[in-house]
Amino acid sequence: MQFRGNKQFASAVGLVLGLLCAVEAAKVNKHKPWIETTYHGIVTENDDKVLLDPPLIALDKDAPLRYAESFEVTLTKEGEICGFRIHGQNVPFEAVVLDKSTGEGVIRAKDKLDCELQKEHTFTIQAYDCGEGPDGANMKKSHKATVHIQVNDINEYSPVFKEKSYKATVIEGKKYDSILKVEAVDADCSFQFSQICSYEIVTPDVPFTIDKDGYIKNTEKLNYGKDHMYKLTVTAYDCGKSRASEDVLVKINVKPTCKPGWTGFNKRIEYEPGTGSLALFPSMHLETCDEPITSIQASIELETNHIGKGCDRDTYSEKSLHKLCGASTGTVELLPAPSSSANWTVGLPTDNGHDSDQVFEFNGTQAIKVPEGVVSTSLKEPFTVSVWMRHGPGAHEKETILCNSDKTEMNRHHFSLYVHNCRLIMLLRQDPSEAENYKPAEFHWKLDQVCDKEWHHYVLNVEFLTVSLFVDGTTFEPFLVTEDYPLHASKIDTQLTIGACWQDNSGHDNDTETVSEPAPGGNARMAQFFRGNLAGLMIRSGKLENKKVIDCLYTCKEGLDVQLPEEVASAVKVEFNPNQSSLTVEGDDIDAFDKVMQHISYLNSRQFPTPGIRHLRVSTTVKCFNEEACVAVPEAEGYIMVLQPEEPKISLSGIDHFARGAAEFESQEGVTLFPELRIVSTITREVEADAEPEVTQGAEDDPTVQETVVSEEIMHNLDTCEVTAVGDELDGEHESLEVDLAQLQQRGLEMSSSNVGLVITGVNTMANYEQVLHLIRYKNWHTEALFDRKFKLVCSELNGRYISNDFKVEVNVIHTANPMEHANNAMVQPNFINPVHHASVDLSGHNLVNAHQASVVPSAATIVIVVCVSFLVFMIILGVFRIRAAHQRTMRDQENGKENEMDWDDSALTITVNPMETYEDQHSSEEEEEEEEESEDGEEEDDITSAESESSEDEEGGEPEDQQGASRQQQLEWDDSTLTY
């Protein structure tokens, strides 16, 4: 039984082993996979699926076999396709098996493809089976097949024009086959989508058309008078009907039929003050239409008649201008600006314009009398009369500018300057002489300038028997000179008048007009009134004006200028008129002529020019070979806009409140009013605030960019500083304002004074005015009833165009108890005031005015206090020594206490006024003498006590040390009361 069972088991084992051997024999991988040799595929860009022809299928002859493993039936892997492998560099495709048993697969793109980068791709592919057994051993690969894939394009790009804009120029009246060509491109890769199939003009109703190749032409003849330039908007379409992403702008300029004239001429030219010369025609060119020219002449005129008195000049007073031009002294201004010292022009109407100098208007009913003593003109000496005048055609009556006639009775005209029928006439009657012969008496000049309603400058140099006339710097000879007898001798005073002639009305009918005059004197009888404008009327006796001074007075501060290039200097001729308001250019070479015109510039040398428009005109004459004007060049007109200059702000600052002892006011030196005056002038400018670089790039077009106002200090001249008393006028009997005249003359300044104050005039720097104002002193000989005095200082520039702030100074008078006995102390008071003012004192919480009061007022009483305190200390020391002699042992402690008290008093004196240490050394001998005069000093203690109490009240708001000093002084007063006399 056991054997039989073993036999069956052995049979079963053999059967299983046989089956296993059969299965293993069947699992052998014998064949390679098979695929096609070539594939062609198509893929659309922006898609990943590839369409292949033929389809991707791999075959394997190894058929799959089912077998049992671990008593289970399993399908073997032989004959299955496990995958495809692509060979090549940077191949953007991958192959994927869809069915391993059938070998079907696909090729797809890894990422989106771009036809514009690469249209075709070629690579190789290989299939491989799954091998033998579970681990895929003995895997077989197919041969390599070539794959060609083409990327199909889509219309993803729009046409783009090659240029941002197009420009062309055509001549009017002509029809063109082609004016210009626009061209667009498309970035698509295919022929269909990359080709531009059509262009289109988007702008409606324009006389232009465009073809499919981009050529633009006009459909009708163009007219320059109708339109100078056409702006067209053009677009493009590709063959996929995609429109251009951005349309293009086409500008077509219409050029007129050649017309001679200037090109590149700007009608508006802006001039910024202080920038020097400005080129007027930097791009100017003369178009002559290719005519054979032989000569060119151009006249450039700058019209400035409406600015000031014919052009921009310094607007200082006429007297100051004469000094600046080098005229000698002795000049008297007959039409000054109204002021406290010269008030006879107050009643005359003026232009009231601070941008130009002051102009007086005479309307035929107004005239003024010049006060006596202003002019001391003797006809025996040479003298000069200068005046600015604007006069138009008027009545056929005499119009008097300046007249010197009898004040009463005879109405004789000694000399006069008047206008009659557009003639300028100078009447000059000689004084009585021994030989009564005919002598030249009237000098006549017939001038167009007298009646052209324009400003002109007249200078008459009058010398015995001759008169020389200069008009705008040019000499004119009289066309007629009449003679007359000299005047008869008389003792009648004369009256100098302006705008009419003084004439007594007694003995004949009233043929004059009565006017109200600025100067007192009752009713004024005037005749031969002037109608026009006058300014700068000056008279100077003793010396004639020379030509250099006359030219300087007339010369403008603005005008035309030209810097000739060296290469054209010899080919072109340039001439200026005297005031450089016009120039003439002549030449025969157009290129050289253009260069000269491009170097013509405008210059205004004033620091603060008069703003406004200056008209500019260019007149040109061109001649050809026949010496006739063959080319008509029209005038070119424009204007220069002089911008408003930055207005300066003149600031006066310094000590505005201080006190001085009465003795200083009564001394010969007096009190300096402005010891620390500062004159500063500033202008404000607007500048853009600092920004980051990336922000700044777009800041130019950003209207929200903030601007910062900055202040900048500048230097310029002053021409007037006036000091006036505030409140009551100055009483000449006991007070005055004085200044060192030698210092004024050294700086070329002048001073005039009145009961109102004093006025310093003359064009000079701010620094020189500062130095002179530091020298102004106030003196008062009767200060008993004077406690304070107030003054006001005002400075100005350009005859009042720019005025400073009102700087007010208050001076307090310190009165002492007995000034007679302590005159020596009052005289040395400034020695104590000055060091205290400059000492290093803590002024926190106090303004500048309080600081000066606190430092000056205690010092006035300190001089007397020191003497008394010294006497008290001396008496205490004597008492101590007497007590020690009688009671040595019992009074020793008291002696130490009093010595400590004495030391404490001494320290208080040192803290109160530090400079008194020197004072005590210098006056120790005086203290010893005062110790012997105990009774006399005792009488003054009441006054001292009151002064000390006032000082302590003034110092309550001061430092703690001042409070301690006040308490210590009170203790000293108590000790004084215990003394026995």
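(A) View of the sheet that holds strand E2 (residues 51–53). Pairing in this open sheet of 5 strands is mixed, and the strands run E2-E1-E10-E9-E6 from one edge to the other. Sheet topology places E2 and strand E6 (81–87) at the edges, where each strand pairs with a single neighbour. The average undirected angle you get between the axes of adjacent strands in this sheet is 30°. Inspection of the sheet shows strand E9 (residues 120–129) paired to strand E10 (residues 145–152) by 6 bridges, in the antiparallel sense.

(B) Seen up close, the environment of Val710. Positionally, Val710 belongs in strand E52 (residues 707–714). Taking the C-alpha atoms as reference points, Val710 and Arg685, 25 residues apart in sequence, are found 5.4 Å from one another.

(C) Seen up close, the state of the cysteines. Across all of its chains, the model carries 8 disulfides by this definition. Between the sulfur atoms of Cys82 and its disulfide partner Cys130 the distance amounts to 1.8 Å. Every disulfide takes its handedness from the sign of the S-S torsion; for Cys82 and Cys130 that torsion is 115°, giving right-handed. Taken together, the residues span a long stretch of sequence, with Cys82 in strand E6 and Cys130 in the loop between E9 and E10 at a distance of 48 residues. Judged by its relative accessible area of 27%, Cys82 falls in the partly exposed class. At a sulfur-sulfur separation of 1.8 Å, the disulfide partner of Cys311 is Cys556. With the S-S bond torsion at -95°, the cross-link from Cys311 to Cys556 turns out left-handed. With Cys311 in the loop between strand E24 (293–303) and helix H3 (318–324) and Cys556 in the loop between helix H4 (547–554) and strand E42 (558–562), the pair connects residues that are 245 residues apart, well separated along the chain. Each member of the pair Cys311 and Cys556 is classed as buried.

(D) Layout of the packing of aromatic side chains. Inspection of every chain in the model, using the stated rule, returns 14 aromatic pairs. Arranged with centres 5.3 Å apart and planes meeting at 75°, the rings of Phe208 and Tyr230 form a pair that is edge-to-face. Remark: Tyr230 occurs in strand E18 (residues 229–238) and Phe208 occurs in strand E16 (residues 208–210); sequence separation between them is 22 residues. For the pair Phe665 and Tyr778, a centre-to-centre distance of 5.9 Å together with 75° between the ring planes defines the contact as edge-to-face. You can see Phe665 sitting in helix H6 (residues 662–666) and its partner Tyr778 sitting in strand E57 (residues 777–780), a full 113 residues away along the chain. Residue Phe665 shares its accessibility class with Tyr778, and that shared class is buried. Aromatic rings pair up to connect Phe665, Tyr778 and Phe791 into one cluster. Positioned over the ring face of Trp388 is Lys309, at 5.1 Å from the centre of the ring. The lysine or arginine in question, Arg313, covers the ring of Tyr554, its NZ or CZ lying 5.0 Å from the ring centre.

(E) Structural view of the nonpolar core. Counting 48 residues, the largest nonpolar core has Phe674, Ile679, Leu737, Ile760, Leu773, Ile776 and Leu793 as the members making the most contacts within it. If near-sequence neighbours (up to four positions away) are discounted, Ile776 is found in contact with Val671, Thr672, Leu673, Phe674, Val723, Leu737, Glu738, Val739, Leu758 and Ile760. Core analysis: the next-biggest nonpolar cluster, separate from the first, contains 38 residues, Val370, Leu428, Phe530 and Leu534 among them.

(F) Structural detail: the pattern of salt bridges. Across all of its chains, the model carries 23 salt bridges by this definition. One salt-bridge network, in which partners are shared between bridges, spans Asp312, Asp314, Lys557, Glu558, Arg606 and Arg614.

(G) Region of interest: the sheet that holds strand E36 (residues 480–484). The 7 strands lie next to each other as E27-E37-E29-E30-E31-E32-E36, forming an open sheet whose pairing is antiparallel. Only two strands of the sheet have a single partner each, and these edge strands are strand E27 (368–369) and E36.

(H) Representation of the pairing of strand E46 (residues 612–624) in the model. Here E24 pairs with E46 via 10 bridges, running antiparallel. Note on E46: the bridge partner recorded for Ile293 is Cys624.

(I) Inspection of the pairing of strand E56 (residues 757–765) at higher detail. With 7 of 9 residues buried, E56 lies mostly within the body of the structure. As paired strands, strand E53 (residues 717–726) and E56 are joined by 7 bridges and run antiparallel to one another. In the sheet register, Glu722 faces E56, and the bridge partner there is Val759. As paired elements, strand E55 (residues 750–753) and E56 share 4 bridges and run antiparallel to each other. Each bridged residue has a counterpart across the sheet, and for Glu750 the counterpart in E56 is Thr761. Hairpin connection from E55 to E56: 3 residues lie between these consecutive antiparallel strands.

(J) Broad picture of the environment of Val459. Within the secondary structure, Val459 sits in strand E33 (residues 455–463). When the C-alpha atoms of Val459 and Thr474 are compared, they prove to be 9.8 Å apart, with 15 residues separating the residues in sequence.

(K) Representation of H4 within the structure. By the burial criterion, the buried members of H4 are Val549, Ile550, Leu553 and Tyr554. Projected onto a plane normal to the axis of H4, the buried residues spread over an arc of 130° and lie on a single side. Next to the buried residues of H4 lie H3, strand E28 (383–390), E33 and strand E34 (466–471). Its side-chain oxygen placed 3.2 Å from the backbone nitrogen of Lys548, Asn546 serves as the N-cap of H4.

(L) Looking closely at the confidence of the model for the chain. Of the residues in the chain, 73% reach a pLDDT of 70 or more, and the chain-wide mean stands at 76. pLDDT under 50 marks residues 890–981. Its contacts with residues more than four places away, or in other chains, come to 73 contacts.

(M) Looking closely at unusual backbone geometry. Cis peptide bonds are those with omega within 30 degrees of zero, and the linkage from Asp53 to Pro54 qualifies with 0°. Notably, Lys241 is not glycine yet its phi reads approximately 65°, a positive angle. Mapped onto the fold, Lys241 is located in the loop between E18 and strand E19 (248–255).

(N) Just the side chain of Ser320, in detail. The topology assignment puts Ser320 in helix H3. Those residues in contact with Ser320, other than ones at most four positions away along the chain, are Gly762 and Val763.

(O) Up close: helix H5 (residues 590–598). All of the buried residues along H5 are Ile590, Ala592, Phe593, Asp594, Val596 and Met597. Between the side-chain oxygen at the start of H5 and the backbone nitrogen of Asp591 there is a gap of 3.3 Å, and the oxygen is on Asp589.

(P) How the structure looks around the side chain of Arg789. Here Arg789 lies in strand E58 (residues 788–797). Separated by 3.3 Å, the side chain of Arg789 and the backbone oxygen of Glu729 make a polar contact. If near-sequence neighbours (up to four positions away) are discounted, Arg789 is found in contact with Ala725, Val726, Asp728, Glu729, Leu730, Glu735, Tyr778, Val809, Glu810 and Val811.

(Q) Quick peek at a negative patch on the surface. Residues Glu272, Glu646, Glu647 and Glu686 make up a contiguous surface patch of negative charge. Residue position: Glu686 is located in strand E51 (residues 678–688). Judged by its relative accessible area of 58%, Glu686 falls in the exposed class.

Conventions and cut-offs
- Residues numbered from 1 in each chain as written.
- Predicted model: local features only at pLDDT ≥ 70, side-chain atom pairs only at ≥ 80, totals over all residues.
- Heavy atoms only, no water.
- Pairing = 2+ DSSP bridges.
- Helix = DSSP H or I, 4+ residues; strand = E, 2+ residues; numbered from the N terminus.
- Axes fitted to C-alpha atoms, helices over the stretch in contact; angles between N-to-C directions.
- Disulfide = S-S within 2.5 Å.
- Buried < 20%, exposed > 50% of the residue type's maximum accessible area, 1.4 Å probe, protein only.
- Phe/Tyr/Trp six-rings, centres within 6.5 Å; stacked < 30°, edge-to-face > 60°.
- Lys NZ or Arg CZ within 6 Å of the ring centre and 35° of its normal.
- Core = buried A, V, L, I, M, F, W, Y, C linked by side-chain atoms within 4.5 Å.
- Contact = heavy atoms within 4.5 Å.
- Salt bridge = Lys/Arg side-chain N within 4 Å of Asp/Glu carboxyl O.
- Arc of directions from axis to C-beta.
- Polar contact = N/O pair within 3.5 Å; in protein donor to acceptor, adjacent residues only side chain to side chain.
- pLDDT = per-residue confidence, 0-100.
- Patch = residues over 30% accessible without salt bridge, like charges linked within 9 Å, V, L, I, M, F, W, Y side chains within 5 Å.
- Areas by Shrake-Rupley, 256 points an atom, 1.4 Å probe, with all protein chains shown as cover.
- Lys, Arg positive; Asp, Glu negative; His and termini not counted.
- Charge placed at Lys NZ, Arg CZ, Asp CG, Glu CD.

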